[in-house]
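Observations on the three-dimensional arrangement
These are the residues of each chain, in order.
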Amino acid sequence: MDKKILVLTGSPRKGGNSDLLADAFIKGAQLAGHTVIKYETRLKKINGCRVCNKCYSKGAACVFEDDFNTLAPFIEQSDMLVLATPMYWFTFPAQLKAALDKMYALLIGGRQSNIKECVLLACAETENETDFDGLVKTYELIASYQKWTDRAHLLIPSVSEKGDILHTDALKRAEELGRIF
C-alpha cells in the first residue's frame with residue numbers, strides 16, 4: 001500500500017548527521033513505492049505556540065502567520081510521520097520542537113490528521129544510549145496521545161561532527177527501515 005509519509009527534520013545543518021539519516025530513510029521509502037515529503041524545519045520560520053486558541057479561525061492553522069501554515073496541510077494529509085533529529089539537551093532541537101508544539105492547532109481547530117504511524121530517527125554526540133531516554137519518552141508520549149502506532153526507533157550514538165554518521169551502518173539501517181513500511 002502506497003503511504004504518504006511526512007519526514008519532519010530537526011537538523012540545523014544541511015547534510016548533518018540526522019539530515020543524512022532522514023535522506024536514507026526517504027530513499028528506502030521511495031524505493032518501496034511510498035510518497036515522501038521532507039519538511040526541513042531549519043529552513044522555516046515557525047514561532048512558538050502562543051496558546052491563543054484561535055487556531056483555524058481565519059482559515060489557516062495559526063492566526064500568527066508563519067511557516068506552520070504550510071506544514072499543517074502535510075500533517076493532515078500524511079499517513080505516517082517520521083521525526084528525524086539530532087538530540088539537543090536530551091530532547092528535540094528548538095526548530096523541530098516549535099513545529100511539534102504547533103500541532104496543538106489541529107486539536108483546537110478540530111482537524112483530523114490521517115497519521116496512524118510514526119518513526120523516530122535520532123542521533124547524538126553521546127556514547128551512552130540511555131541519554132536518549134528523554135527524547136524517546138517525549139516521542140512516545142506524543143505518539144500515545146495522538147494514538148499513533150510507534151513503528152520504530154533508530155537511535156545512533158557517537159556522531160558529533162558533520163559526516164560522522166558515514167562511518168557507521170546507520171544510513172544502511174535507515175534505508176532498510178524505510179523499505180519495510
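Figured I'd write up the structure that's included with this text. Keep in mind that this is a model prediction, so the values were computed, not measured. (Residues numbered from 1 in each chain as written. Predicted model: local features only at pLDDT ≥ 70, side-chain atom pairs only at ≥ 80, totals over all residues. Heavy atoms only, no water.)

This part covers the pairing of strand β1 (residues 4-9). Counting buried residues in β1 gives 5 out of 6 residues, a clear majority hidden from the surface. Pairing of β1 with strand β2 (residues 35-40) involves 6 bridges; the strand directions are parallel. Bridging from a neighbouring strand, Leu6 pairs with Ile37 of β2. The parallel pair β1 and β2 is bridged by helix α1 (residues 17-31), and the resulting crossover is right-handed. (Buried < 20%, exposed > 50% of the residue type's maximum accessible area, 1.4 Å probe, protein only. Helix = DSSP H or I, 4+ residues; strand = E, 2+ residues; numbered from the N terminus. Pairing = 2+ DSSP bridges. Right-handed = clockwise from strand over helix to strand, strands pointing away.)

A contiguous nonpolar patch, built from Tyr88, Trp89 and Phe90 and spanning about 430 Å² of accessible area, is present on the exposed surface. Locating Phe90 in the fold gives a position in the loop between β3 (80-86) and α3 (94-101). (Patch = residues over 30% accessible without salt bridge, like charges linked within 9 Å, V, L, I, M, F, W, Y side chains within 5 Å. Areas by Shrake-Rupley, 256 points an atom, 1.4 Å probe, with all protein chains shown as cover. Salt bridge = Lys/Arg side-chain N within 4 Å of Asp/Glu carboxyl O.)

One key point about sheets: their strands pair by backbone hydrogen bonds, in either a parallel or an antiparallel sense. Taken together, 5 strands build an open sheet; the order of strands is β2-β1-β3-β4-β5 and the sheet is parallel. The two strands at the open ends of the sheet, each matched to only one other strand, are β2 and β5 (149-156). Across the sheet, the mean angle from the axis of one strand to that of its neighbour is 15°, orientation sign disregarded. Sheet strands in contact with α1 are β1, β2, β3, β4 (117-123) and β5, and its direction is about 165° off that of β2. Helix α5 (residues 133-146) contacts β3, β4 and β5 of the sheet and is inclined by roughly 165° relative to β5. (Axes fitted to C-alpha atoms, helices over the stretch in contact; angles between N-to-C directions. Contact = heavy atoms within 4.5 Å.)

Glancing now at the nonpolar core. Counting residues in each nonpolar core, the largest one holds 34 residues, and the members touching the most others are Leu8, Phe68, Leu71, Leu83 and Leu120. For this core, the secondary-structure elements that each account for two or more residues are β1, α2 (68-77), β3, α3, α4 (104-108), β4 and α5. Look past the residues within four positions of Leu83 in its chain and what remains in contact with it is Leu8, Phe92, Leu96, Leu100, Val119, Leu120, Leu121 and Tyr139. Ile5, Val36, Cys123 and Leu154 belong to the second largest nonpolar core, which has 24 residues in total. (Core = buried A, V, L, I, M, F, W, Y, C linked by side-chain atoms within 4.5 Å.)

Next up on the list: α2. Among the residues of α2, those classed as buried are Phe68, Asn69, Leu71, Ala72, Ile75 and Glu76. Projected down its long axis, α2 carries its buried residues within an arc of 150°, all on one side. If you follow the buried residues of α2, they end up packed against β1, β2, α3 and α4. (Arc of directions from axis to C-beta.)

Attention shifts here to unusual backbone geometry. Not every positive phi belongs to a glycine, and Val51 is a case in point at roughly 50°. Looking at the secondary structure, you find Val51 in the loop between β2 and α2.

Further remarks concern the packing of aromatic side chains. Two aromatic rings are characterised by how far apart their centres lie and by the angle between their planes. In the structure shown here, the tally under the stated rule is 2 aromatic pairs. Each ring, one from Phe25 and one from Phe181, has its centre 6.3 Å from the other, and the planes form 40°; the classification is tilted. Taken together, the positions of Phe25 in helix α1 and Phe181 in the segment after α6 (170-179) put the pair 156 residues apart, joining distant regions of the chain. The same class applies to Phe25 and to Phe181, which are both buried. Over the ring of Tyr39 we find Lys44, and its NZ or CZ is 5.1 Å from the ring centre. One Lys or Arg, Arg50, reaches over the ring of Phe64 and ends 3.9 Å from the middle of that ring. (Phe/Tyr/Trp six-rings, centres within 6.5 Å; stacked < 30°, edge-to-face > 60°. Lys NZ or Arg CZ within 6 Å of the ring centre and 35° of its normal.)

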